[in-house]
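Working through the structure, step by step
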Amino acid sequence: MTLPLMPKATAVWLIEKTALTFEQIAVFCGMHPLEIQAIADGEVGGSINGYDPIKNNQLTEAEIKRCEGNASARLKLKAAPNPVARRAKGARYTPVAKRHDRPDAIAFILRQFPQLNDTQIVRLLGTTKDTIAKIRNREHWNSPNIKPRDPVILGLCTQTDLNAAVQAANDRLVREGTALQDTLHEDDPNRLFAIPDESHDGL
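Residues numbered from 1 in each chain as written. Predicted model: local features only at pLDDT ≥ 70, side-chain atom pairs only at ≥ 80, totals over all residues. Heavy atoms only, no water.

Looking only at helices and strands, the protein chain has 9 helices and 0 strands in total. Across the 203 residues that make up the protein chain, the buried fraction comes to 44%. For the protein chain, the proportion of contacts with a sequence separation of at least 24, taken over those separated by at least 6, is 72%. Summing over all exposed atoms, the protein chain offers an accessible surface of approximately 10600 Å²; the carbon and sulfur share of this is 51%. (Helix = DSSP H or I, 4+ residues; strand = E, 2+ residues; numbered from the N terminus. Buried < 20%, exposed > 50% of the residue type's maximum accessible area, 1.4 Å probe, protein only. Contact = heavy atoms within 4.5 Å. Areas by Shrake-Rupley, 256 points an atom, 1.4 Å probe, with all protein chains shown as cover.)

Next comes the structure, spelled out in structure tokens:
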């Protein structure tokens, strides 16, 4: 089964905007029903903004209504008209003027897309594994001032490249038979990177 591009954020949207059961949302997003319950109860995922699967061409309103009317029905991901274009291998070059924004982008990726591995982040943002580790562990020299911000908004990567990386990570989870779990535990340093709803203001 292929997962939506942003499973957790999609789950948040489906919980808030539809009458689907927790089981239906869990199956579609590759999560456990108890994870969906925890999100609905506000116990986890409070800083994750919902990702509209209709607007982003992953589901149709008709498909959601079909499943809302039948609790045993399962959502079917809308087939993409074209495969996601993938950038050539190799680290991305980041212009000098934008390099000061890179820690913010790394923090955003670590918080919003825990399924991405360090190698993918290196290629996506043109950074190093050492830098990623320092930001993850709050050992970066500028940690107090790091504010998670969307790398697409910052101009550090394209939405196509980000989608491709997330899709590749989701495909890896499917191959490994691993559901997308809530990887950010109470003692995880990444929880320090809370993403405010208006994090893009002023950009």
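With respect to the helices and strands, asparagine 170 occurs in helix H9 (residues 159-176). Those residues in contact with asparagine 170, other than ones at most four positions away along the chain, are Leu3, Pro4, Leu5, Pro7 and Gln115.

This part is about unusual backbone geometry. Its identity is not glycine, yet asparagine 57 carries a phi of approximately 65 degrees, on the positive side. According to the relative accessible area criterion, asparagine 57 is partly exposed, its value standing at 34%. Positive phi, normally seen in glycine, also occurs at arginine 138, with a value near 60 degrees. Of note, arginine 138 is situated in the loop between helix H7 (129-136) and helix H8 (151-154).

This paragraph deals with the environment of threonine 119. Locating threonine 119 in the fold gives a position in helix H6 (residues 118-125). The exposure class of threonine 119 is partly exposed, given its relative accessible area of 33%. A polar contact of 3.4 Å, which involves the side chain of threonine 119, links it to the side chain of lysine 129. (Polar contact = N/O pair within 3.5 Å; in protein donor to acceptor, adjacent residues only side chain to side chain.)

Of all the residues in H6, the buried ones are Gln120, Ile121, Val122, Leu124 and Leu125. Count one or two residues on from H6 and you reach glycine 126, which has phi positive near 65 degrees.

Where helix H5 (residues 102-112) contacts H6, the two axes come as close as 11 Å, and the packing angle between them is 140 degrees. H6 is crossed by H5, and the crossing has right-handed handedness. The residues of H6 that touch H5, namely those facing Arg102, Ala105, Ile106, Ile109 and Leu110, are Ile121, Leu124 and Leu125. Among the residues making up the contact of H5 with H6, the classes are represented as 7 nonpolar, no polar and 1 charged. (Axes fitted to C-alpha atoms, helices over the stretch in contact; angles between N-to-C directions. Left-handed = near helix turned anticlockwise from the far one by under 90°. Nonpolar A, V, L, I, M, F, W, Y, C, P; charged D, E, K, R; others polar.)

Moving on to the nonpolar core. Leu14, Leu75, Ile109, Phe113, Leu116 and Leu125 are the most contacted members of the largest nonpolar core, which totals 44 residues. Only helix H1 (7-17), helix H2 (22-29), helix H3 (33-40), helix H4 (61-68), H5, H6, H7 and H9 provide two or more residues apiece to this core. If one sorts the elements of this core by residue count, H5 sits on top with 6 residues. Residues within four places of leucine 75 in sequence aside, it is in contact with Leu14, Leu20, Phe28, Leu59, Glu63, Ile64 and Cys67. (Core = buried A, V, L, I, M, F, W, Y, C linked by side-chain atoms within 4.5 Å.)

Here we take up the pattern of salt bridges. In the structure shown here, the tally under the stated rule is 6 salt bridges. The salt bridge partner of arginine 149 is aspartate 101, with a shortest N-O separation of 2.9 Å. On the criterion of sequence distance, the pair formed by arginine 149 in the loop between H7 and H8 and aspartate 101 in the loop between H4 and H5 is long-range, its members being 48 residues apart. Each member of the pair, arginine 149 as well as aspartate 101, is classed as buried. For lysine 134, the salt bridge identified is with aspartate 130, shortest N-O distance 3.4 Å. (Salt bridge = Lys/Arg side-chain N within 4 Å of Asp/Glu carboxyl O.)

What follows covers the confidence of the model for the protein chain. Looking at the protein chain, pLDDT values average 79 and 76% of them are 70 or higher. Low pLDDT, under 50, characterises residues 82-91; the predicted model gives this stretch 17 contacts beyond four residues in sequence or across chains. Taken together, the stretch residues 182-203 has pLDDT below 50 and engages in 40 contacts with residues farther than four places along the chain or on a different chain. (pLDDT = per-residue confidence, 0-100.)

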